[in-house]
Every structure is written in C-alpha cells, then in structure tokens.
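Each chain, written out:
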Amino acid sequence: MSEIAEKVKAIIIDKLGVEASEVTPEASFTNDLGADSLDTVELIMEFEKEFNVSIPDDQAENIGTVGQAISYLEEHAK
Amino acid sequence: MAFRRVVVTGLGAITPVGSTVPTYWDGLRQGLSGAAPITRFDASKFKTRFACEVKDYSPDNYFDRKEGRKMDLFTQFAVIASDEAIKDAGLLEGINKDRVGVIWGSGIGGLKTFQEESFNFAKGDGTPRYNPFFIPKMIADSSSGNISIKNGFRGPNFVTTSACASSSDAIVAAYNYIRLGMADVVVTGGSEAAITEAGVGGFNALKAMSERNDDALTASRPYDKDRDGFVLGEGAGALVIEAYEHAQARGAKIYAEIIGGGLSSDAYHITAPDPTGEGVVLVMQNALQDAGIKPEEVDYINTHGTSTPLGDGAEIKAIQKVFGEHAYNLNISSTKSMTGHLLGGAGGIEAVASILAIQHGIIPPTINHVTDDPELDARLNFTFNEAQVREVNVAMSNTFGFGGHNTSVVFRKFKA
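What you see as residue numbers is a count from 1 along each chain, following the sequence as written. Written order decides the labels, with chains lettered from A and ligands numbered from 1. Local features in this predicted model are restricted to residues whose pLDDT is 70 or higher, and side-chain atom pairs enter the listing and the counts only when it is 80 or higher, whereas totals over whole chains, interfaces and linings include all residues. Where side-chain values are given, they derive from all heavy atoms of the structure, hydrogens and water being excluded.

- Identification of chain A as Acyl carrier protein from Hymenobacter amundsenii is taken from an unreviewed UniProt entry.
- UniProt positions are given in the numbering used here, feature names are shortened, and annotations may be inferred rather than shown by experiment. Its UniProt record gives chain A the following Pathway (unreviewed entry) comment, quoted word for word: "Lipid metabolism; fatty acid biosynthesis."
- Word for word, the UniProt comment on chain A under Function (unreviewed entry) is "Carrier of the growing fatty acid chain in fatty acid biosynthesis."

This is the structure:
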C-alpha cells in the first residue's frame, strides 16, 4: 500500500472511530463507516490539511469511498 | 385551572469535589475544597493560576472517542450528570418519551471550542478552515440537544442563558412547563466548562476572581472579611423532575417537591450587584409568594455567596430584609466555598445540594472561614467550616447572574 493510502486510512480510523479491518477500498463513508454529512466534510478537510491540497466542493462530492479518496489524493497530493 | 404538583425523582452531578452524587455529597459534608492549580492549560502568566476543576477527568471514561470528540466539555458534563439522574430516576423504560423534555442551563456554552477554532484561524493565512463540528459543539443548546438525542426525549427542549443564574432559570422553566401540563417529566439543571485561557483571562480582567495563588485551597471564602473574589469551577448538576401523579403512577422514589420559583432583575449594572440588594429582596419575595409559604417556614438558604466583596454583603442584607428576625433561625451556607463557582452550572449542583440537605437533615458548610466580616451580622448562622445537623423542611437556592438576573428556587420535603 502506498504511503498516501496508509495516511488516508489512518485519518479515517481516527476521525470515524472505526477498526482498520473495516477500512477497505470499497467501504463507503456514509453507508459502511457510520459517517454523517458533517463527518464527511471533516474528513475532506483533514485530507486537505494532511496532503496540502485544496479539494473543490464539486470534486469532494465524488469522494464517497476509501478507494475514491486514495485515488484522488494519489493524483493531486503535492 | 389548578397547577400540578412537581417532584424531584432523580439527581446527577459531576463536580470539583466529587464526580457522582454520592461522592459530591460526601465532599460537601466533609467540607472538601475543590481548588487546586489549573491543569487544563498553562496558566503561569495569568493573575489567577488555580480553579476548581473536575478531578482526574477523561472523556474516554464516559464516551467512545468519536462521540466525545463531537461534544465540548460543557456538553460532556451535561450528558454525564443527566445520565446519572435519568438512571437514578429509573426513567429509561416504560414512559412516553414524547412527554419528557430537557431544559438545561449554560451561561457560556462551548468556550473551549470557540477558543480553539479562533486560535486555529488566527494561526493560518486567512483561509477559513473551520471544523464542521465547530458551531454544533459551541452553541449552548448542544447540551440539551445531546441529552435528548441520546435518550429519545421528544418533549420541550431548550437552554436558558442568564450567566450564573442559567441553571436555576432552567429548573424554574422546567417546573413551569410541568405544572402547566406541557410535559410530564423534564431533565433539567446545567453545566459549564470555562476553565480556559479565555475564561480565566476574561474574568481576571473583570477583577471578579480571587487571586490568592499562594493559598488556593482556601481562596473561596464567602462571608470572610478577606474574601477577594470567586474561584472558577466547572461541572454539571442534573435533576429529573416530574408531575407528582406521573411519579406516583410509576412508583418512582421522590427526593423532594419543588414548591416555588422566583425571578427578578436588578436593572442596575451589567456586572456589579445593586448594593441596596433590592433585586435580591424581590426575587426571594417572589419565590416565597409563588411557593405560598411564609418566610418563617424556610430552614436553609443555599446562597449565591460567590466570595466577592460586594455580592456577598448585598445578598445577606437582602436576606435580613426578607426574613426579618427569622433570619437568625436560618442556616445559611455557600457551597461555592467548596465547589468554586460553576457559573451557569451553579444552580444545578446547588439544587442537588439543597435537596440532599432536605433528604439527609444535614446542612453543608461554608468552609474557609477565618475572620468575621464586621459588615455582616455575626448573629446569623453562616454554617461556617463544619456541616450542621438540622431537620430541613424547606430549602431555598439562590443564584444571581451578570446582567442582573436573580433566581430563587424553593424545595420542600415531600409529603403526599
């Protein structure tokens, strides 16, 4: 797993209070990991902070699973 | 229309002298001081470097991490104390939750949350990166909101804010809603968690707080000649109150009856108490009138008594005016000498203290008394330094807040 993927998983585990085993690439923040809309906003903000990127709202809407977050950040992280 | 009777059926507390109702009461009976050096932040440059913190507190002992992270400390205290009261009242099942409300008090709300988010913004380059939980954590009503969400209580739900009278106002509002028939049960009380840089710095700037750093343990000394300000406290006090017939029908144990609430305003100054004590006279008269009792029926007054030079004297003067000769028969005590001043949470924990005084026949003391104040009538019984045994039929709890808000609540031993 890439360094970015590891960091993304760690943030999700920390913010959503879930077990590492639940954080699979297909896992949806809202359907599988118990996030509500505010949790999702907070996650995006943490990704922005950790990876020093700015994720526009229209793109943030497309980040709904662990795998989507990882591939977005692998592409955009500085 | 006849008002319904309202009784107290559950108690909860998390305080600087005990983190449950039994340990809180033990602390009060023993005259324990909750004051100690501040641990919540580095206070080395502050004028006041001590406070009454809840001891050994960790949210992990009460909440899972995700849950705890979304609540400011004042809401955590609210949920902890209300959980204890709800369990104590046996309110978890077999009731119509549509008829259960939550009316809570907080003078400030999530001060720590506000401070942290402001610090974060100030440290950045001007780009707003506010956490989505900032506002829901900070707003004062997140306390009553979280209590209702956790328990499914769908009745009236709001927070009262009147500085240090906030939770007494919540109790009076809850009492009114029940006696008017708008709810059968209300979880009430209040909480505060203002031991932060902004809280201590702000109250220091007002010259309202004790600066007795060399003797923190005895710094909260209401009615002592050398009192020099209040000591900041934190925590929560909770009551479950309900319509008597509702409590009776479900076989609940009854601690006491609420028989009256009085409200008034000084209309004088935003922080200073009116030295004539007129607003305080009025609030106690209003409470006695609402309770339908004579002054002579009161046994104990749990005073506001914050240990400030001006406020303590004004309240005592007012008590003498309202109670006349009977003032000498009263037990008067300020439990803030032990707990410090919980601001918007004060009325909650002091209601619990007043109710337990009725239940146990013990008056908790005003500790830290060293030197009599020649301005105060020495014939009054301030319950100095040691608890006193006394049958208490009626207890009055006074709280007054910046803004000139005055509130008195009257509790009576329950008789069917």
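Let's pick the thread back up.
### Section: the UniProt feature "modified residue: O-(pantetheine 4'-phosphoryl)serine" (unreviewed entry) in chain A
Residues and elements named next belong to chain A.
Reasoning step 1: When the UniProt feature table is mapped onto this chain, "modified residue: O-(pantetheine 4'-phosphoryl)serine" (unreviewed entry) is found at Ser-37.
Reasoning step 2: A run of DSSP states H or I qualifies as a helix once it reaches four residues; a run of E qualifies as a strand once it reaches two. Both are numbered from the N-terminal end. In this fold, Ser-37 is placed in helix α2 (residues 37-51).
Reasoning step 3: Overall, the relative accessible area of 55% leaves Ser-37 in the exposed class. Note on classification: 1.4 Å probe, protein chains only; a residue is buried when its accessible area is under 20% of the maximum for its type, exposed when over 50%, partly exposed between these limits.

### Focus: the packing of aromatic side chains
Residues and elements named next belong to chain B.
Reasoning step 1: Pairing of aromatic rings covers Phe, Tyr and Trp, the last through its six-membered ring, and needs centres within 6.5 Å; plane angles under 30 degrees mean stacked, over 60 mean edge-to-face, and all others mean tilted. Evaluation of the coordinates by the stated rule reveals 13 aromatic pairs over all chains.
Reasoning step 2: Members of the aromatic cluster, joined through ring pairs, are Tyr-57, Tyr-62, Phe-63 and Phe-77.
Reasoning step 3: The ring centre of Tyr-244 lies 5.2 Å from the NZ or CZ of Arg-5, which sits over that ring. Only when the NZ of Lys or the CZ of Arg is both within 6 Å of the ring centre and within 35 degrees of the ring normal is a charge said to sit over the ring.

### Let's talk about the state of the cysteines
Reasoning step 1: Disulfide: a pair of cysteine sulfur atoms within 2.5 Å of each other. Evaluated as defined, the whole model comprises 0 disulfides over all chains.
Reasoning step 2: Here Cys52(B) stays unpaired: no disulfide links it, and the sulfur of Cys164(B), its closest cysteine neighbor, is 14 Å away.

### What about the UniProt feature "domain: Carrier" (unreviewed entry) in chain A?
Reasoning step 1: What UniProt calls "domain: Carrier" (unreviewed entry) maps, in this numbering, to residues 2-77 of chain A.
Reasoning step 2: When the span residues 2-77 of chain A is considered, its composition is 58% helix and 0% strand, and the gap between its end C-alpha atoms is 12 Å.

### Overview of the sheet that holds strand β5 (residues 157-160) of chain B
All names here are of chain B.
Reasoning step 1: In space, the 10 strands of this open sheet follow the order β5-β4-β6-β7-β1-β8-β14-β13-β9-β10, with mixed pairing throughout. Because the sheet does not close on itself, it has two edges, and the strands there are β5 and β10 (331-333). Mean inter-strand twist for the sheet, computed between neighbouring axes without regard to direction, equals 25°.
Reasoning step 2: One ladder, built from 8 bridges, connects strand β6 (residues 185-192) with strand β7 (residues 235-243); its direction is antiparallel. Its bridge partner lying in β7, Val-186 is registered against Ile-241.
Reasoning step 3: By the convention used here, residues are in contact when the closest approach between their heavy atoms is within 4.5 Å. To obtain an axis, a line is fitted to C-alpha atoms, over the contacting stretch when the element is a helix, and the angle between two such axes runs from 0 to 180 degrees between their N-to-C directions. With respect to the sheet, helix α11 (residues 309-323) is in contact with β9 (300-302), β10 and β13 (394-401), its orientation differing from that of β13 by roughly 140°. Only when DSSP finds a minimum of two bridges between them are two strands counted as paired.

### A look at the interface of chain B and chain A
Reasoning step 1: Each partner contributes residues to the interface: chain B has 10 residues there, and chain A has 13 residues.
Reasoning step 2: Salt bridges are defined as contacts in which a side-chain nitrogen from Lys or Arg sits within 4 Å of a carboxyl oxygen from Asp or Glu. Where chain B touches chain A, the interface holds 5 salt bridges.
Reasoning step 3: Salt-bridge contacts for Asp39(A) lead to Lys66(B); the nearest nitrogen and oxygen are separated by 3.8 Å.
Reasoning step 4: We define a polar contact as two N or O atoms separated by no more than 3.5 Å, with the added condition that, inside protein, one atom must be a possible hydrogen donor and the other a possible acceptor, whereas residues neighbouring each other in sequence contribute only through side-chain atom pairs. Taken together, the connections running from chain B to chain A amount to 6 residue pairs in polar contact (both at pLDDT 80 or more).
Reasoning step 5: Here the side of chain B that touches chain A takes 3 residues from helix α2 (residues 65-69) of chain B, the largest share from any one element.
Reasoning step 6: Three classes are used, and their members are as follows: Ala, Val, Leu, Ile, Met, Phe, Trp, Tyr, Cys and Pro are nonpolar, Asp, Glu, Lys and Arg are charged, and the others, Gly among them, are polar. The class makeup of the residues in the side of chain B that touches chain A is 4 nonpolar, 1 polar and 5 charged.

### Some details on the nonpolar core
Grouped burial of nonpolar side chains is what soluble globular proteins tend to show.
Residues and elements named next belong to chain B.
Reasoning step 1: Leu-11, Leu-239, Ile-241 and Phe-411 are the most contacted members of the largest nonpolar core, which totals 44 residues.
Reasoning step 2: Mapped by element, the contributors of at least two residues to this core are β1 (6-14), α1 (21-30), α7 (166-179), β7, β8 (256-265), α13 (346-360), β11 (362-363) and β14 (405-412).
Reasoning step 3: When residues of this core are assigned to their parent elements, the largest contribution, 9 residues, is made by α13.
Reasoning step 4: When sequence neighbours within four positions are dropped, the list of residues in contact with Leu-239 reads Gly-10, Leu-11, Ile-171, Val-186, Val-187, Thr-188, Ala-351, Val-352, Ile-355 and Phe-411. Definition used in this section: a nonpolar core is a set of buried Ala, Val, Leu, Ile, Met, Phe, Trp, Tyr and Cys residues joined via side-chain atoms within 4.5 Å.

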